Amino acid sequence: MKKVGLYFGTFNPIHIGHLVIANHMVEFSDLDEVWFIITPQSPFKTKQSLLDNHHRYQMVFEAVQDYPKLKPSKIEFDLPQPNYTINTLLYLEEQHGAEYQFSLIMGEDNLKSFHKWKNYEAILEHYSIYVYPRISNGKVENQFEGHSKIMKVNAPIMEISSTFIRNEHKKGKNVKPLLPAPVWKYMDEMNFYR
């Protein structure tokens, strides 16, 4: 069975920080692949800065072309909204449970609020979580410290955000070095985030 790490996000846009983390997970842990699970635009929230699902999928697709162990996934686009991680995991299990063993990938900042997630106990009972370091406030709940299903991976700390990229690009700053080349090309040609 292939071990697959699921890396959730809006990827609006995907940047080199995302790629560095995903590649580190697949090269320096026991994961065989990392799937980028692109979170869809919520029908209940129309966030102006969030690009359409297909454009964000296309940018992830472009970004991972040279990385055979990294895959884009639009699995959540067809799930009922609002969606929760537990639903995605159950759906993936139903579809691919025979071939893949799924785990979650999250930043340490998300682990700090993990106890607020819907059905977090069920997630922890059935899935491993691979945590990468983030600089953030607050502390990890005691119940998660040293938990057998939570693996801390000593990945590089990436302090790049999609919000920063969008905001600075809009101001006319050169954000090209923060993006994989094909993502920059697509973003520039489509005139996004201006």
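## Observations concerning the overall build of the protein chain
Within the protein chain one finds 7 helices and 6 strands. Each helix (α) and strand (β) of the protein chain, taken in turn from the N terminus, gives the series β-α-β-α-β-α-β-α-α-β-β-α-α. Against the compact-globule benchmark of 16 Å for 194 residues, the protein chain has a radius of gyration of 17 Å, which places it among compact chains. Within the protein chain, the proportion of its 194 residues that are buried is 46%. If you take every contact in the protein chain between residues at least 6 apart in sequence, the share linking residues at least 24 apart comes to 70%. Carbon and sulfur atoms make up 49% of the accessible area of the protein chain, which totals about 10,400 Å². The averaged location of the 22 negative side-chain charges in the protein chain is 7 Å from the averaged location of its 22 positive side-chain charges.

## Observations concerning the side chain of Thr88
Residue position: Thr88 is located in helix α3 (residues 85–96). A residue is classified by how much of its surface remains accessible, and Thr88, at 0% relative accessible area, is buried. At 2.6 Å, the side chain of Thr88 and the side chain of Glu76 are in polar contact.

## Considerations on the layout of surface pockets
If you add up the space inside the largest pocket, you get close to 1,200 Å³. The set of elements that each furnish at least two residues to the lining of the largest pocket consists of β1 (2–9), α1 (16–28), α3, β4 (100–107), α4 (108–112) and α6 (162–170). The leading source of residues in the lining of the largest pocket is β4, at 4 residues. Residue composition of the lining of the largest pocket, grouped by class: 16 nonpolar, 19 polar and 7 charged. Taken as a whole, the second largest pocket spans an internal volume of roughly 180 Å³. Contributing to the lining of the second largest pocket are Gln48, Ser49, Leu50, Leu51, Arg166, Asn167, Lys170, Tyr193 and Arg194. Partitioning the lining of the second largest pocket into residue classes produces 3 nonpolar, 3 polar and 3 charged.

## With respect to the environment of Lys116
Counting through the fold element by element, Lys116 comes out in the loop between α4 and α5 (120–126). Lys116 sits in the exposed class, given a relative accessible area of 66%. Sequence-wise, Lys116 and Asn167 are 51 residues apart; in three dimensions their C-alpha atoms are separated by 29 Å.

## A short note on the nonpolar core
In this structure, Tyr7, Met25, Val34 and Phe36 are the most contacted members of the largest nonpolar core, which totals 35 residues. Among the elements of the structure, α1, β2 (33–38), α2 (53–63), β5 (128–132) and α7 (181–190) are those that each provide at least two residues to this core. The biggest single contributor to this core is α1, with 5 residues. If we ignore the near neighbours within four places in the chain, the residues touching Phe36 are Tyr7, Phe11, Ile14, His18, Leu19, Ala22, Val60, Val64, Leu70, Lys71, Pro72 and Ser73. Core analysis: the next-biggest nonpolar cluster, separate from the first, contains 23 residues, Val4, Leu104, Ile129 and Val140 among them.

Reading the values: the criteria
Residues numbered from 1 in each chain as written. Predicted model: local features only at pLDDT ≥ 70, side-chain atom pairs only at ≥ 80, totals over all residues. Heavy atoms only, no water. Helix = DSSP H or I, 4+ residues; strand = E, 2+ residues; numbered from the N terminus. Rg over C-alpha atoms; globule rule 2.2 N^0.38 Å. Buried < 20%, exposed > 50% of the residue type's maximum accessible area, 1.4 Å probe, protein only. Contact = heavy atoms within 4.5 Å. Areas by Shrake-Rupley, 256 points an atom, 1.4 Å probe, with all protein chains shown as cover. Lys, Arg positive; Asp, Glu negative; His and termini not counted. Charge placed at Lys NZ, Arg CZ, Asp CG, Glu CD. Polar contact = N/O pair within 3.5 Å; in protein donor to acceptor, adjacent residues only side chain to side chain. 1 Å grid on protein atoms, 1.4 Å probe; cavity = no way out; pocket = protein on both sides within 12 Å on 5 of 7 lines; lining within 4 Å. Points joined across faces, edges and corners; volume = space filled by probe spheres on them. Nonpolar A, V, L, I, M, F, W, Y, C, P; charged D, E, K, R; others polar. Core = buried A, V, L, I, M, F, W, Y, C linked by side-chain atoms within 4.5 Å.

Shape descriptors only; they carry no functional weight alone.
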